[in-house]
Amino acid sequence: MSDTGNGAPEATPGVRLTAEEKAAKFAELAQRIRGMQPEDAAASAARAGAARAEASMAEAPESEPAVPAEQAAPPVPAPAAPAAPAAPSTPVLRPAEPSADVLQRTVAVLSAGGAPVELAAAAVAAFGDGAAERLREDPWAVLGLPGVRPEHADHFARGLLGASVGPDDPRRAQALVVWVLEQAALRGHSAQELSEVAAGLERLRMPEPAAAIEEALADGRVLPFQEELTGAEAHASAAGDGDEDEPPTRTLLALETLAMAEVSLAEKLLQLMASFVPGEDGGEQAGGEPSAESESESEPEGPAETAPVSPAPAAWDAAAEAAPSSSATALIRAVAGSALVLHTGGEAARAEPAALLAAATGLGLRAWAATWTDQGKASFAALGEAGSPVVTLAELLSGTAGPGRAADGTLALDLLIVLDAPLLDVELAATVLESLADGTRLVLSGDPGQLWSAGPGRFFADLLAAKVCPAVASRTPDFGPIGELVSGVGIGELQPVEAPDKEVVILTAKDGGEAVHRAVQLLTDSIPRALGIPAEQVVLLTPGHGGPAGTRALNAAAKARLNPGPGRFGGFDPGDRVVESPAPGVVRPARVVDGDAAGLHLEYPDGSRRTVPPAEAGRLRHGWALTVHQALGRRWPAAVVVVPEDAAPALSRQWVYTAFGRGERHLSVVHAAGPALVQAVAERPAQPRTTRLRAILAENAVDAD
């Protein structure tokens, strides 16, 4: 056995399968999966989950990020910030710190395998007090810790097991299959086709990918599914197979957590619609419940015990007729007769759910709206009357603001309007749905042209495609040159627009270095001087963090011009503009006030302050420049979008649409990508994602019939 280039053990010569043998094994595996009943997968997951729950006697504490020690190559990197939910959610109480004995035993195992001892806290957080024993019994379990890659896990396993370790070890097989699917989830996929998982395992030098997948399926952390193909995919598959007797299908693999989240989400959506009873004329609530007037005469009860309110159709009609626009009228009428309604439109269209919120409140419903960011909350609240019931989604789910909870744990409301709905991944969407009681109306509103969630899935897009509920498309356009430009991008056209007051400016650059120079000049001089918009209200946007014109390069140049300093507080100085990322897809802008041994003292746009301890400083970045994904849910008076020459792989119509829409009054585009920008708008609508929600909804709808 010898080392490979990536640290993985090399298979013994003579045992590798030929391409034909591998294809035959995958065909056999796919056939077995095809023959499984749907409940087989769920039962397998339940058994595996029960076994894991029994093995872990207590919840593990969270850990803080650590800095890696220097190790001989190839080292296991120290963990980054612990993985957080894909969006804000209920705060988790921090359990007691692990004992010194537990940490010491874990450190000893890590040291024996040649891994950085700083991983000990993360290991105990993941595996509990038995972390040392778990790592010794299954060295590849280290792959589940933040920042660890397969080659590092292989190196650690060889350090512990020596010559006895082989590339086809079942423990390695299970860990690598899970890792491949976890990497796909980071790219937005909630599932992957069998062939794609196999290709990923091949790249990791797994001798028999089919056998590895079988090991992962037996463990229960990965679930298999058969999905019938439709449309063009079905025709292509049928033409290739030549078998017209059976409908074409594809075999998908999904992590247990994501698979169950999508199943739960679909079931709750259908349950919400099936349990909905609209109001009836005649003064009685649907289902025989007393009216709001008669209820007020009875013994008062707290809002947590109040039954859902269902105004009569006549009341809804009157509210709809009084709406300020035809689109708002259509939305109110759709909500009157449906438990679940989708609403699509741009920034100007947010006035329509605002009108719905006002109408529902006037009808006596306990109605609330939830936005993705605090800025979105402020702008949406400004569309209604003072004191409008609007919260951020984080506040709603954590209970720090909003309607509160009923005795059964559900939200005490009759109507929930969720703005920025495309930003919900499947796990967060499932959390929201599980918080709603039967009889609650749910409106999901958002711009279908913008980027999807940071986490896996495409919840809003799949719901639109499934057509299981009414969808109201706004007819209210975003006005002005920026609105015209963004609307054109939405239909695949990138055309110049008239901008007499310099609302839109397009500049070219020969390379990333020139793009950075032009962008910083716009930020610090041109836009403040020509338009009167201060630099604090201008954002620089770019596809990624690295590269010649990524956020690192742009922020370094912006700091040098606007707030030069040595970075004496962990790379930051008082006055620096920063962003805090407590979770993927969640960004909070702030300004550094000062720093000391306690940490960095930050001030947020609402005037609140917080001290970020040194252990959490890794979640901070300079904030003059952001990626477009970091900018989701926010807008600025002026935006400068930088498109460097190496941006082509990251570009899509979705990305351009979202980036160009971040500016309220002014948009500058510094363009160095040549024809790639126009091609992306015209030919690449979105980066594809493999999901199962649409198929699950279709299957459940058929079963219900």
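Residues numbered from 1 in each chain as written. Predicted model: local features only at pLDDT ≥ 70, side-chain atom pairs only at ≥ 80, totals over all residues. Heavy atoms only, no water.

> Which parts of the structure should I look at to understand the overall build of the chain?
Looking only at helices and strands, the chain features 25 helices and 19 strands. For the chain, the residues scored as buried account for 48% of the 705 residues in total. Of the contacts made within the chain by residues no fewer than 6 positions apart, 72% connect residues no fewer than 24 positions apart. For the chain, the accessible area works out to roughly 31200 Å², and carbon and sulfur atoms hold 53% of it. (Helix = DSSP H or I, 4+ residues; strand = E, 2+ residues; numbered from the N terminus. Buried < 20%, exposed > 50% of the residue type's maximum accessible area, 1.4 Å probe, protein only. Contact = heavy atoms within 4.5 Å. Areas by Shrake-Rupley, 256 points an atom, 1.4 Å probe, with all protein chains shown as cover.)

> Hey, could you run me through the pairing of strand β7 (residues 415–418) in this one?
Along a regular strand, successive side chains alternate from one face of the sheet to the other. Side chains L415 and I417 of β7 all project onto a buried face; the interleaved residues L416 and V418 project onto the opposite face, where all are buried too. Relative to strand β8 (residues 441–446), β7 runs parallel, the two sharing four bridges. Across the sheet, V418 pairs through a bridge with L444, a residue of β8. Once the chain exits β7 it traverses helix α18 (residues 426–434) before rejoining the sheet at β8, and the crossover so formed is right-handed. (Pairing = 2+ DSSP bridges. Right-handed = clockwise from strand over helix to strand, strands pointing away.)

> Explain the sheet that holds strand β2 (residues 222–228) to me, please; I cannot follow it from the model alone.
Sheet strands line up and pair through hydrogen bonds in the backbone, either parallel or antiparallel. Taking strand neighbours across the sheet as the criterion, the three strands line up as β1-β3-β2 in an open arrangement whose pairing is antiparallel. The sheet is open, and its two edges are formed by β1 (192–193) and β2, each paired on a single side. Each of β2 and β3 (249–255) touches helix α11 (residues 256–274); the most contacted strand, β3, lies at about 110° to it. (Axes fitted to C-alpha atoms, helices over the stretch in contact; angles between N-to-C directions.)

> What should I look at first to understand the nonpolar core in this one?
Generally speaking, a soluble globular protein has its nonpolar side chains buried in company with each other. Counting 113 residues, the largest nonpolar core has L444 and F660 as its most contacted members. Ranked by residues supplied to this core, first place goes to helix α7 (residues 170–186) with nine residues. Here L444 is in contact with L340, V341, L342, H343, V418, A421, F459, F460 and L463, once residues within four sequence places are set aside. (Core = buried A, V, L, I, M, F, W, Y, C linked by side-chain atoms within 4.5 Å.)

> When you look at unusual backbone geometry in this model, what are you seeing that I'm missing?
Excluding glycine, most residues fall at negative phi; most peptide bonds, likewise, are trans. If you check the backbone angles, R205 has positive phi at about 65° while not being a glycine. Locating R205 in the fold gives a position in the loop between α8 (194–203) and α9 (209–219). By relative accessible area, R205 is classed as partly exposed at 38%.

> Help me understand the packing of helix α20 (residues 480–490) against helix α23 (residues 653–660), please; the structure alone is not making it clear to me.
The geometry of a pair of packed helices is captured by two quantities: the angle between their axes and the separation between those axes. Orientation of α20 relative to α23, taken along the N-to-C sense of each, is 170°, at an axis distance of 9 Å. Between α20 and α23, the angle falls in the class roughly antiparallel. Packed against α20, whose contacting residues are I482, L485, V486, V489 and G490, the element α23 presents R653, V656, Y657 and F660 at the interface. Residue composition of the contact of α20 with α23, by class: seven nonpolar, one polar and one charged. (Parallel < 35°, antiparallel > 145°, perpendicular 65-115°, else oblique. Nonpolar A, V, L, I, M, F, W, Y, C, P; charged D, E, K, R; others polar.)

> Quick question: what am I supposed to make of the pairing of strand β19 (residues 663–671) here?
Of all nine residues in β19, seven are buried, a share of seventy percent or more. Relative to β19, strand β10 (residues 504–508) runs parallel, the two being bridged by five bridges. Its bridge partner being in β19, L507 is matched across the sheet by V670. Taken together, the seven bridges between strand β18 (residues 636–643) and β19 define a ladder with parallel strand orientation. What sits directly across from V642, in β19, is V670. The parallel pair β18 and β19 is bridged by α23, and the resulting crossover is right-handed.

> What's the story with the environment of E280 in this structure? I'm lost.
With respect to the helices and strands, E280 occurs in the loop between α11 and α12 (292–297). Spatially, the C-alpha atoms of E280 and A312 are 4.8 Å apart, while their sequence positions differ by 32 residues. Once residues lying within four places of it in the same chain are set aside, the contact partners of E280 are A312 and P313.

> Before we go on, may I ask you to explain the pattern of salt bridges in this structure?
Close approach of charged atoms allows side chains with opposite charge to pair. Considering all chains together, one arrives at 25 salt bridges under this definition. With a shortest N-O distance of 3.5 Å, D573 and R568 are connected by a salt bridge. A relative accessible area of 2% means that D573 is categorised as buried. Put simply, K559, R568, D573 and D576 are held in one network by salt bridges that share partners. (Salt bridge = Lys/Arg side-chain N within 4 Å of Asp/Glu carboxyl O.)

> Can you walk me through the sheet that holds strand β17 (residues 625–627) in this structure?
One open sheet holds the five strands; their spatial order is β10-β19-β18-β11-β17, and the pairing between them is parallel. Of all the strands in the sheet, just β10 and β17 have a single pairing partner and so form its edges. Geometrically, the sheet is characterised by an average inter-axis angle of 25° between neighbouring strands, direction not taken into account. Its contacts with the sheet put helix α21 (residues 512–531) on β10, β11 (538–542), β18 and β19, and the angle it makes with β19 is roughly 150°.

> Is there a simple way to think about the side chain of T542 in this case?
One can find T542 in strand β11. Contact partners of T542, with chain neighbours within four places excluded, come to A549, G550, T551, L554, L626, T627, V628, V642, P644 and W655.

> Which parts of the structure should I look at to understand the packing of aromatic side chains?
Think of a pair of aromatic rings as described by two things: how far the centres are apart, and how the planes are tilted against each other in angle. Counted under the stated rule, the structure contains zero aromatic pairs. Sitting above the plane of the Y604 ring, R588 keeps its charged end 4.0 Å from the centroid. If you follow R692 out to its NZ or CZ, it ends over the ring of F225, 3.5 Å from the centre. (Phe/Tyr/Trp six-rings, centres within 6.5 Å; stacked < 30°, edge-to-face > 60°. Lys NZ or Arg CZ within 6 Å of the ring centre and 35° of its normal.)

> For this particular structure, what's the right way to read helix α6 (residues 150–161)?
At 3.6 residues per turn, the α-helix brings residues three or four places apart onto the same side. In this model α6 runs 16 Å from its N-terminal to its C-terminal C-alpha over twelve residues, within 8% of the 16 Å that 1.5 Å per residue would give. Within α6, the full set of buried residues consists of P150, H152, A153, D154, H155, F156 and A157. Elements in contact with the buried residues of α6: α3 (100–112), α5 (131–137) and α7. (Expected span 1.5 Å × (residues − 1).)

> What is the right way to read the confidence of the model for the chain from this model?
Should pLDDT be low for a region, the predicted coordinates there are not to be read in detail. Per-residue pLDDT for the chain has a mean of 84; in total, 79% of the residues score no lower than 70. Taken together, the stretch residues 1–14 has pLDDT below 50 and engages in 31 contacts with residues farther than four places along the chain or on a different chain. Long-range and interchain partners of residues 283–304, a stretch whose pLDDT sits below 50, account for 24 contacts in this model, where long-range means more than four residues apart. (pLDDT = per-residue confidence, 0-100.)

> What's the story with the packing of helix α14 (residues 326–337) against helix α15 (residues 351–362) in this structure? I'm lost.
In the contact formed by α14 and α15, the axes pass within 9 Å of each other and the chain directions differ by 50°. Taken together, the axes of α14 and α15 lie oblique to each other. For the element pair α14 and α15, the recorded crossing hand is right-handed. Counted together, S327, A328, L331, I332 and V335 of α14 and E352, P353, A355, L356 and A359 of α15 form the full contact between these two elements. (Left-handed = near helix turned anticlockwise from the far one by under 90°.)

> Would you mind showing me how to read the side chain of E503 here?
Relative to the elements of secondary structure, E503 occurs in the loop between α20 and β10. Here D501 takes part through its backbone nitrogen, which lies 3.2 Å from a polar atom of the side chain of E503. Not counting residues up to four positions away in its chain, the partners in contact with E503 are P481, I482, R665, H666 and L667. (Polar contact = N/O pair within 3.5 Å; in protein donor to acceptor, adjacent residues only side chain to side chain.)

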